[in-house]
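Residues per chain, in single letters:
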Amino acid sequence: MSEKIHNPPPNLTKEQITAAVTSLHKGDVIAFPTETVYGLGADISYPHAIRKIFDIKGRPPDHPLIVHFAKLAELEFWAENIPETALILAKHFWPGPLTLILPKSKHIPLSVTGGQDTVGLRIPRHPIALRLLEELGSYKAVAAPSANRFGFVSPTSADHVRKEFGSSINVILDGGACEIGLESTIVSCINREVTILRPGGIQVLSIEKVLKQKVLVRSHNSSIRAPGSLTSHYATTTPLKICQSESLLSHSFILLQRGIRTAVILRSIHRGFGQDSSDKLHYVFMPNDPVEFGKDLYATLRKLDNENYQQILVEAPPDNLEWLAVADRLNRASHFHK
Ligand code: TXA
Ligand code: MG
């Protein structure tokens, strides 16, 4: 099963937060927890720190970063021509797992937005992230992508970040396991249209309810530039395949017969083929609830990726809006190996 992720965050000392703020003020890159996933953060006013984020992640320089800040009152400092819909969403969902794409103000460097004139903005709600941003100071902001190598699975614990980047980052703030476990929902509010660019921590239906209108959900092959929406992303190094519930057990049996060491992630099926003496098949029973499944997903994938399976099989999620974020991440992870 996935590692335990419901522990309360260990309390960080004031000194640890202050040390992280000092690092940001010096132009260093740090790792910190958010309610969605851990981020690799740098103060946006240091061009070399922004460059370092791209270097550490191995991310192409034209892929924009999300800018995190602490106070809603500063929204108009970071963005321009903010439509009413964006204000409604910001007031309702911030602090929280929502990123708004808006026309950028002159205070946002082009290096952060990958040369685009729009910016992704978010006020996170994790107490450590908020404290960090507040202590950094007014009209200061932190650019932070997920703290993983470009294209691979995002980190939901400090330990994930340590294993991936321990030697290249001096400060990793440990806020325990992430409450949500999937990235923020990205909503573009450009050209008077509200479009979901990446499903995530906030449900599409919640956004429609607050706006009292239907919103567009971006299709996979749109030309909008957003790396989290590349067809292959969030990938495991072990090949991952999605299988419909009806054929999952027969498919895993075929792999077993071929001697392929396989991990099978089940959701609605509560049994496997029983104990397999050759130890070639391993069953992982995940919660059959989109929020709980999403919370455990990345930790489970990372754990299985370290256990030398030749194949990961996942029971397909239901085809509905509640499961959209989970389905999106699984689809992208599976495309990586096609
Ligand atoms: O939950 C999250 O959003 C986490 C935490 C750390 O806040 N961050 C995160 O960042 O997932 P990253 O860099 O891994 O993914 C950010 C996504 C990318 O798909 C990026 O292309 C998109 O946001 N993005 C950022 N600015 C954009 C813009 N101006 N237009 C379109 N997409 C943008
Ligand atoms: Mg990412």
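As the structure is a prediction and not an experimental result, all values here were calculated from the model. (Residues numbered from 1 in each chain as written. Chains lettered and ligands numbered in written order. Predicted model: local features only at pLDDT ≥ 70, side-chain atom pairs only at ≥ 80, totals over all residues. Heavy atoms only, no water.)

1. Quick look at the domain arrangement of the protein
- Here the protein is partitioned into domain 1 (14–217) and domain 2 (240–334).
- A straight line from the C-alpha centre of domain 1 to that of domain 2 covers 30 Å.
- On the side of domain 2, 13 residues touch domain 1, which itself brings 21 residues to the contact.
- Of the roughly 1,500 Å² buried between domain 1 and domain 2, counting both surfaces, carbon and sulfur atoms make up 61%.
- The three residues of domain 1 that bury the most area against domain 2 are V153, L182 and P199, which together make up 36% of that side's buried surface.
- Summed over the shared surface of domain 1 and domain 2, the number is 2 salt bridges.
- The residue R302 makes a salt bridge to E164 at a minimum N-O spacing of 2.8 Å.
- Inspection of the domain 1/domain 2 interface yields 8 residue pairs in polar contact (both at pLDDT 80 or more). (Domains from an automatic or database assignment. Contact = heavy atoms within 4.5 Å. Buried area = accessible area lost by both parts, 1.4 Å probe. Salt bridge = Lys/Arg side-chain N within 4 Å of Asp/Glu carboxyl O. Polar contact = N/O pair within 3.5 Å; in protein donor to acceptor, adjacent residues only side chain to side chain.)

2. Points about the environment of G151
- The residue G151 is located in the loop between β6 (142–143) and α6 (158–165) in this model.
- Between the C-alpha atoms of G151 and H233, which are 82 residues apart in sequence, the distance is 4.4 Å.
- Discounting residues that sit within four places of it in the chain, G151 has contacts with H233, Y234 and A235. (Helix = DSSP H or I, 4+ residues; strand = E, 2+ residues; numbered from the N terminus.)

3. Structural notes on the pairing of strand β8 (residues 195–198)
- Here 3 bridges tie strand β7 (residues 185–188) to β8, and the two strands are oriented antiparallel to one another. Within β8, the residue paired with V187 across the bridge is I196.
- Hairpin connection from β7 to β8: 6 residues lie between these consecutive antiparallel strands, with N191 at a positive phi of about 55 degrees.
- Sheet topology note: the β8/strand β9 (residues 216–217) ladder contains 2 bridges and is parallel. Bridge pairing in β9 links I196 to V217. (Pairing = 2+ DSSP bridges.)

4. Things to note about the packing of helix α1 (residues 14–25) against helix α5 (residues 127–136)
- Closest axis-to-axis distance for the α1/α5 pair is 10 Å, and the angle between their directions is 55 degrees. Relative to α5, the element α1 is oriented oblique. By crossing handedness, the relation of α1 to α5 is classed as right-handed. Seen from α1, the contacting residues are K14, I17, T18, A20, V21, L24 and H25; seen from α5, they are I128, R131, L132, E135 and L136.
- Here the contact of α1 with α5 is composed, by residue class, of 7 nonpolar, 2 polar and 3 charged. (Axes fitted to C-alpha atoms, helices over the stretch in contact; angles between N-to-C directions. Parallel < 35°, antiparallel > 145°, perpendicular 65-115°, else oblique. Left-handed = near helix turned anticlockwise from the far one by under 90°. Nonpolar A, V, L, I, M, F, W, Y, C, P; charged D, E, K, R; others polar.)

5. Quick word on the side chain of E74
- Its location among the elements puts E74 in the loop between β3 (66–68) and α3 (75–78).
- No salt bridge is formed by the buried E74; its nearest oppositely charged neighbour, K71, is found at 4.2 Å.
- Here Y139 takes part through its backbone nitrogen, which lies 3.0 Å from a polar atom of the side chain of E74. (Buried < 20%, exposed > 50% of the residue type's maximum accessible area, 1.4 Å probe, protein only. Lys, Arg positive; Asp, Glu negative; His and termini not counted.)

6. Considering unusual backbone geometry
- Cis geometry marks the peptide bond from W94 to P95; its omega dihedral reads -5 degrees.
- The phi dihedral of K212 is positive, around 55 degrees, even though this residue is not glycine.
- Examined against the element boundaries, K212 turns out to sit in the loop between α7 (204–211) and β9.
- Taking relative accessible area as the criterion, K212 reaches 75% and is therefore assigned exposed.
- One non-glycine residue, N308, adopts positive backbone phi at about 55 degrees.
- Along the chain, N308 falls in the loop between α9 (290–305) and β13 (311–315).
- With relative accessibility at 62%, the residue N308 sits in the exposed group.

7. Brief notes about the pattern of salt bridges
- Tallied over the full model, the rule gives 17 salt bridges.
- Residue K140 pairs with D43 through a salt bridge whose shortest N-O separation is 3.1 Å. Remark: D43 occurs in strand β2 (residues 39–43) and K140 occurs in the loop between α5 and β6; sequence separation between them is 97 residues.
- A relative accessible area of 23% means that K140 is categorised as partly exposed.
- In this structure, R162 engages D159 in a salt bridge whose closest nitrogen and oxygen atoms are separated by 3.4 Å. Note that R162 and D159 are positioned in helix α6 at a spacing of 3 residues, about one turn of the helix.
- Owing to a relative accessible area of 38%, R162 belongs among the partly exposed residues under this scheme.
- Through salt bridges with shared partners, a single network forms among D159, R162, K163 and D174.

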